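Results of the structural survey
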Amino acid sequence: MAWRDGKASGKRLLLFMASIILGIAAVVSIQSFSQNLQENIGLQSKALMGADYLIDSNQPANERVVAIMDSLGGANAKEVKFASMAAFSKNRATKLVQVRGVEGNFPFYGELETEPLEAAQNYQKKGGALVDATVMLQFDLKPGDSVKLGNLTFPIIGSLITAPGSTGIGTSVAPPVMVPFEFMEPSGLLQKGSRLEYNYYFKAPEADLQKLNKEIDPLLDEQNADLDTHTDTSQRLGRRYENVGRFLNLVAFIALLLGCVGIASSVHIYIKEKLRAVAVLKCLGATRKQTFLIFLIQIVGMGLVGGIIGTAVGLVLQQSFPFILQEFLPFQVEISTSFQAIFMGLVLGVLMSVLFALSPLINTWYVSPLQVLRVQENLGTKSRAAQIVVIVSIILFVFLFALWLLGNLKYALSFVLGILVTFSILAGVAILFMRLIKRYFPKSWSFTARQSLLNLFRPNNQTAVLILAIGIGTFLISTLYFTKDFLLAKAQIESNEKSPNIIMFDIQTQQKEDVANTITPKGLRILNNIPIITMRLQKIKDRSVNDIRLDTTSRVNKWILSHEFRVTYRDSLIASEKLVSGTWNPKVDKTKPIPISLSDNVAGDARVVVGDTLLFNVQGQLMETVVGSIREVDWGRMQLNFSVVFPTGVLENAPQFHVMTTNAPDKASSANLQRELVRKFPNVSILDLRQVLTLVESILDKISWVISFMAFFSILTGIIVLIGSVRNSKYQRIKESVLLRTLGAHRKQILRITALEYLYLGILGSGVGILLSLVSSQLLAFFVFETPFVPSLIPFLVVLPGITLLVLLIGLSNSRSVLNSPPLQVLRKEGK
């Protein structure tokens, strides 16, 4: 019976199934790609590092570290890595780069991809440089040209396309340049205070990495060094992309939920029209269970078919993901079939269809055989308990699925709560809108205007469903634009003379005056001259960091124990800081312990409060301090911030280097200043904040494109729900159309009525979606990013009219068959 009835209603149920297909396709494609990505990261973990494991430190290996490395068989290769300025004599251009001085046959896994190919093998023998391929294109460089690093000039042997260890967004700011290790000392770039990273690479395929981590890493921690295995690297990279995958999965899941709302609406209308047939079946002796199962089997069948088709579409769709996301990935992703994603797609198709169809399906259980004799439409008495069970089951399923996707109870609860609030507000607005129209109906309006409003609360209306579908899609897209705007605003550099846009690092104390004398004759001001001193923690309260490191019950964050702090001293707070507790001490009182100020994150990780003591090792000299104050620091501000700040009068004579800032009014003056500074002071690194801002904008543009691509699924699902809703209420509309035409209404009047109805729905749905996104973006800006929020006009000028027009066109195109239906068609049907 289910099969026979389903065949007769096949066309009507096809659009119902399309809602499932789109949602499943979105979830399966992202889930499958995420799993492929994790597998690829695991398989290519050695190639990403270039070795089985490495030992790293920010200083050359001391005797103890050398002895530990010798006990492991000795390092097979080594490098020193740091940021520096590169000068290209061909066009007198300069660029901040990441210098990688390499010794040995690195990498052991993967390869240096260069152009020409032999450059990877020859650059160390020839004493030349491999320059990032993007930089080569940017400055029109060719093999044979030269690059100056510090005091030395290197011939460019080839362009560097990819290299293990050069991944992440940081390489976009400072692209890599590889040179032989032996030239690093003569270059004069290994200055005191420079942020250096020494890596010692090991090739040991048979090594027990877990055992090494357990036994060797604590020994290295005592020497301010660290052991990092290729599996650690892949796990970190995996977590980074896993978070992006989870977010996209949630966006796809919202599209699936929208499809399910369409399912509930479609089944509601479909079952309502079948109630007379259900009553007839019961008159013929069918039981409640039998009539219920007839339609349940139909829903399960459609859910299964929709799941199969959606899964197939999702697997095809994931083939495009490597092209969409390749710029974010440090390697090529090989696509393979994910059986877990396939199973999930099939289960989701059936389970979601049944869950969201159960509420209208329950109506068949309570239909009386007397319904055959009744003229009025009567759905029978519903069981409130059954409805509550269905609603609770849906919420529980959504929560469990979100928990599985996110792996975090707090985030899953927040997601479900956010979905419930958003859906409830949209549904509430729709219901309130219908009630207000009904109560304050504008009787003085024209006939077509009044009839269009009547259609919004007529029997079988789809107002709530369409506003929900349109609103959610609009909400996602608008929130994306608003969030992107305030993120860019947070990174924006103020365009006034007092705001620095050029930062100069690693200025040695003896160079300070000469650098200043190079800047000021060009009409530029020295805005900041910030001293920086490096130091490490020796004791926290009364316990040494070594004791805390060995204490497995300690709650002190491990990074605190081995971190090299770069601190400064000054007599006042700056704009990005706010005092949370304690008292700010501008100058040291020599009769009391040295009061320092900690950022709140460091104080929390070190488990210290105001009044606790800290013993610092300042390059061999021990200095006892007390926590005088704790600050809240806005690390997102584009300026130098410090986690530890000393008062004046104590560190002035300590070994230090300086950071200077200035404001260059335009690109030409910035380039001119950088060229002269690089020529006179090769060790000084220069960062142009305008280039960083351009990079931030580029990254946000790419991310917004990816999220827009996923939000498109929500909009498309909303369109399918819209089409399905119009189709499902077609016969009701034909009856209304015939009655109106019998009463003398023209086709143009009916067309105008339909157009106005969908215009109201489009404006209301997209308008409420944008307003909700305004509220959510304001909350994000205030509570999460702590930044002012100025709304973008794009959602109001583009999204609102665009979606409204789309809804209008779809409503009119699907109502064409209603307008073309002759009156006799309905009269004959009613006569039967």
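See the structure shown above.
Computed from a predicted model, the values in this text were never measured in an experiment.

As for its position among the elements, Ser-146 is in strand β6 (residues 146–149). Looking at Ser-146, its side chain comes within polar contact range of the side chain of Ser-89, at 2.8 Å. When sequence neighbours within four positions are dropped, the list of residues in contact with Ser-146 reads Ala-87, Phe-88, Ser-89, Thr-153, Phe-154, Pro-155 and Ile-156.

Next up on the list: the packing of helix α11 (residues 288–317) against helix α13 (residues 339–365). Viewed as axis vectors pointing N to C, α11 and α13 meet at an angle of 150°, and their least axial separation amounts to 7 Å. Relative to α13, the element α11 lies roughly antiparallel. Pair α11 / α13 crosses with right-handed handedness. Each residue belonging to the contact of α11 with α13 can be placed in one class, and the counts come to 17 nonpolar, 8 polar and 2 charged.

The next subject is the pattern of salt bridges. Under the definition given, this model contains 14 salt bridges. Its salt-bridge partner being Glu-79, residue Lys-81 comes within 4.0 Å of it at the nearest N-O pair. What makes Lys-81 buried here is its relative accessible area of 11%. We note a salt bridge from Lys-680 to Glu-676, for which the minimum N-O separation is 3.1 Å.

Checked against the element boundaries, Leu-152 lands in strand β7 (residues 152–162). Using a relative accessible area of 23% as the deciding quantity, one classes Leu-152 as partly exposed. Between the C-alpha atom of Leu-152 and that of Ser-187, which follows or precedes it by 35 residues, the distance is 5.4 Å.

Moving on to the pairing of strand β12 (residues 528–540). As paired elements, β12 and strand β20 (residues 657–662) share 5 bridges and run antiparallel to each other. Within β20, the residue paired with Pro-531 across the bridge is His-658. With 3 bridges connecting them, β12 and strand β14 (residues 565–569) associate as antiparallel partners. Of the residues in β14, the one forming a bridge with Ile-533 is Val-567.

Of all 6 residues in strand β16 (residues 594–599), 6 are buried; the element is thus mostly enclosed. Across the two faces of β16 the burial is the same, with Ile-594, Ile-596 and Leu-598 and Pro-595, Ser-597 and Ser-599 all buried. Pairing of β16 with strand β18 (residues 621–633), which is carried by 6 bridges, proceeds in the parallel orientation. Residue Ile-594 lies in a different strand from β18, and its bridge partner there is Thr-625. Pairing geometry for β16 and strand β19 (residues 644–646), over 2 bridges, is antiparallel. Bridge assignment links Leu-598 to a residue of β19, and that residue is Val-644.

About the cut-offs
Residues numbered from 1 in each chain as written. Predicted model: local features only at pLDDT ≥ 70, side-chain atom pairs only at ≥ 80, totals over all residues. Heavy atoms only, no water. Helix = DSSP H or I, 4+ residues; strand = E, 2+ residues; numbered from the N terminus. Polar contact = N/O pair within 3.5 Å; in protein donor to acceptor, adjacent residues only side chain to side chain. Contact = heavy atoms within 4.5 Å. Axes fitted to C-alpha atoms, helices over the stretch in contact; angles between N-to-C directions. Parallel < 35°, antiparallel > 145°, perpendicular 65-115°, else oblique. Left-handed = near helix turned anticlockwise from the far one by under 90°. Nonpolar A, V, L, I, M, F, W, Y, C, P; charged D, E, K, R; others polar. Salt bridge = Lys/Arg side-chain N within 4 Å of Asp/Glu carboxyl O. Buried < 20%, exposed > 50% of the residue type's maximum accessible area, 1.4 Å probe, protein only. Pairing = 2+ DSSP bridges.

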